[in-house]
Amino acid sequence: MNKSTKDTIIEVATGLFADNGFDGASVRLIALKAGVNLAAINYHFMNKQNLYHEVLRSGFNQFTLQLKKIASKSKSTTDFSINLYRAWIKNGPRLINNFKVLLTNLPLPDDFMKKDNAGPPGAEYIQERLEQELGFKLKEEDALWASRVIFTFVTHTALMASTHFGKQNCCDAFAQKSVEKSIKRLIQSVVNDLKSSR
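Residues numbered from 1 in each chain as written. Predicted model: local features only at pLDDT ≥ 70, side-chain atom pairs only at ≥ 80, totals over all residues. Heavy atoms only, no water.

1. A closer look at a nonpolar patch on the surface
Using the following cut-off: Within the patch definition used here, like charges are joined within 9 Å and nonpolar side chains (Val, Leu, Ile, Met, Phe, Trp, Tyr) within 5 Å, considering only residues with over 30% relative accessible area and no salt bridge. Per-residue and other accessible areas follow the Shrake-Rupley method at a 1.4 Å probe size, with only the shown protein chains counted as cover for residues. For this analysis, a salt bridge means a side-chain nitrogen from Lys or Arg found within 4 Å of a carboxyl oxygen belonging to Asp or Glu. Here's how the labels work: a residue is buried when its accessible area is under 20% of the maximum for its type, exposed when over 50%, partly exposed in between, all with a 1.4 Å probe on protein chains only.
Judged by side-chain polarity, Leu102, Leu103 and Leu108 come together as a nonpolar surface patch covering roughly 280 Å² of accessible area. Residue classification places Leu108 among the partly exposed residues on the basis of a relative accessible area of 41%.

Laid out in C-alpha cells, this is it:
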C-alpha cells in the first residue's frame, strides 16, 4: 500500500527531528527528503511546529496501537512484558527516533496525553494483568509504581539493545534469553513486593 503524502512527510520529519532536533531540521530539508514541495508541508501542517506536533502524535498513536495489540495477545504480566520487549526490538529504530523526538524542551501539544495520566503508556494493561495474577485490586500508588518499574525496565533495555553501543559492546547483556529471564525475575519481584505490601 502506498503511503499518503502526509504520512511520508511525517515519517521523514520524524527521522530528521530525531537526528537534528527541531531547530536543525529545516522545512526545506524535510520537503527535499520527502520528495515533496514546500506547499505540501504548508497544506498538511501549516507550519513547522504543527508538523512537529503531528510527528509526536503519530509516534504516540503507533505506540498506543502496538500496546493494545500486545495486550490482546498477552495473558500474564510476564507475557505482556516479554511481548512488549520483542515489539520494541523489532521496531528499534522507530522506538529510538520517537524517544529522541519526545525528549526535547519544546512544549507538547495540549491534546498529546491526558493531563491526569501519571503512569507510562500501557500502565492499564500492566495493572490489569497484575491484579488478575494477584487476585486483588491494587492501590493506585502500588499500581503506578509497578507499571513504572516494569515499563521502564523493558523500554530502557529495548532502547539500549537497539543502539550500536548495545549491539557492539553488550551482546551478552542484551541476548534475548538473558533479557527475557531478567523480565521474568523482575515481574516475580514486583508481584512478591505487591503481595507483601498488601
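2. Here's the deal with the nonpolar core
Operational definition: Nonpolar cores were defined as sets of buried Ala, Val, Leu, Ile, Met, Phe, Trp, Tyr and Cys residues, with membership established by side-chain atoms within 4.5 Å. Secondary structure elements are taken from DSSP: a helix is a run of H or I of four residues or more, a strand is a run of E of two residues or more, and numbering for both begins at the N terminus.
Core analysis: the largest hydrophobic core is formed by 32 residues, its most contacted members being Phe80, Leu84, Trp88, Leu130 and Ile150. Only α4 (48–73), α5 (77–90), α7 (123–134), α8 (140–162) and α10 (176–196) provide two or more residues apiece to this core. Counting residues per element, this core draws most heavily on α8, which supplies 8 residues. In terms of nonpolar packing, the next biggest core, distinct from the first, is built from 21 residues, Ala13, Leu16, Ala31 and Ala34 among them.

3. Some details on the pattern of salt bridges
According to the stated counting rule, one finds 7 salt bridges in the structure shown. For Lys3, the salt bridge identified is with Glu11, shortest N-O distance 2.1 Å. On the basis of relative accessibility, which here comes to 48%, the residue Glu11 falls in the partly exposed class. Its salt-bridge partner being Arg57, residue Glu54 comes within 3.4 Å of it at the nearest N-O pair. Placement of the pair is Glu54 and Arg57 together in helix α4, with a separation of 3 residues, close to one helical turn. Look at Glu54 and you get partly exposed, because its relative accessible area is 21%. A residue is classified by how much of its surface remains accessible, and Arg57, at 23% relative accessible area, is partly exposed.

4. Side note on the packing of aromatic side chains
The condition that has to hold: Centres within 6.5 Å make a pair out of two Phe, Tyr or Trp rings, where for Trp the six-membered ring is used; the pair is then stacked when the planes are under 30 degrees apart, edge-to-face when over 60, and tilted otherwise. By the criterion adopted, a ring carries a charge over it if an Arg CZ or a Lys NZ lies within 6 Å of its centre and within 35 degrees of its normal.
Applying the stated criterion across every chain, the model contains 7 aromatic pairs. When the centroid spacing of 5.0 Å and the interplanar angle of 80 degrees are considered together, the rings of Phe17 and Tyr52 count as edge-to-face. One end of the pair, Phe17, is in helix α1 (residues 5–24); the other, Tyr52, is in helix α4, with 35 residues separating them in the sequence. Across the pair, exposure class does not vary: Phe17 and Tyr52 are buried alike. Ring geometry for Phe63 against Phe151: centres 6.1 Å apart, planes inclined by 90 degrees, an arrangement best described as edge-to-face. Here Phe151 lies in helix α8 and Phe63 lies in helix α4, a separation of 88 residues in the sequence. Following the ring pairs from residue to residue traces out a cluster consisting of Phe63, Trp88, Phe99 and Phe151. Sitting above the plane of the Phe22 ring, Lys48 keeps its charged end 4.5 Å from the centroid.

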